[in-house]
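# Residue-level structure breakdown
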Amino acid sequence: MTTNNKLIERMEKIRKSQNYHLEKILVDFTAELWTRMDELDINSSELAKRLEKSHAYVLKVLNCNHNITLKTMISFSLALGMEIPKVPVQVMKNFDRNV
């Protein structure tokens with residue numbers, strides 16, 4: 001097996017892993033938060049006020065430095081007038097817990 005084939009095989013395995021899907025959902029969600037904040041012309045300090053949370057906490061979430069819960073995702077979405085995020089059911093079907 002060539003190095004290229006090994007790499008392709010490894011990438012396919014990674015894409016089926018729980019961690020890959022979790023990180024993808026979190027990165028996509030935080031990108032949507034930043035986009036919405038730009039649309040509303042608000043900064044992280046204003047978002048912290050809306051959420052009644054510390055600015056440091058909000059920055060952790062916005063910079064993907066915090067493993068957020070669905071409850072957190074919903075509260076941030078509501079504070080920004082966004083649609084409540086949905087976790088794709090297909091993700092659950094693709095888990096390979098051996099990765």
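Residues numbered from 1 in each chain as written. Predicted model: local features only at pLDDT ≥ 70, side-chain atom pairs only at ≥ 80, totals over all residues. Heavy atoms only, no water.

### Remarks on the overall build of the protein chain
Looking only at helices and strands, one finds 6 helices and 0 strands in the protein chain. When the helices and strands of the protein chain are placed in sequence order, the string is α-α-α-α-α-α. Residues classed as buried in the protein chain amount to 25% of the 99 residues present. Within the protein chain, residue pairs in contact and separated by at least 24 positions form 61% of the contacts whose partners lie at least 6 positions apart. As presented, the protein chain carries roughly 7100 Å² of accessible surface, and 52% of it is formed by carbon and sulfur atoms. (Helix = DSSP H or I, 4+ residues; strand = E, 2+ residues; numbered from the N terminus. Buried < 20%, exposed > 50% of the residue type's maximum accessible area, 1.4 Å probe, protein only. Contact = heavy atoms within 4.5 Å. Areas by Shrake-Rupley, 256 points an atom, 1.4 Å probe, with all protein chains shown as cover.)

### Details of the confidence of the model for the protein chain
Should pLDDT be low for a region, the predicted coordinates there are not to be read in detail. Per-residue confidence for the protein chain averages 85 on the pLDDT scale, and 86% of its residues sit at or above 70. Taking the mean pLDDT of every element in the protein chain, the minimum, 56, falls on helix α6 (residues 89-94) and the maximum, 97, on helix α3 (residues 44-51). (pLDDT = per-residue confidence, 0-100.)

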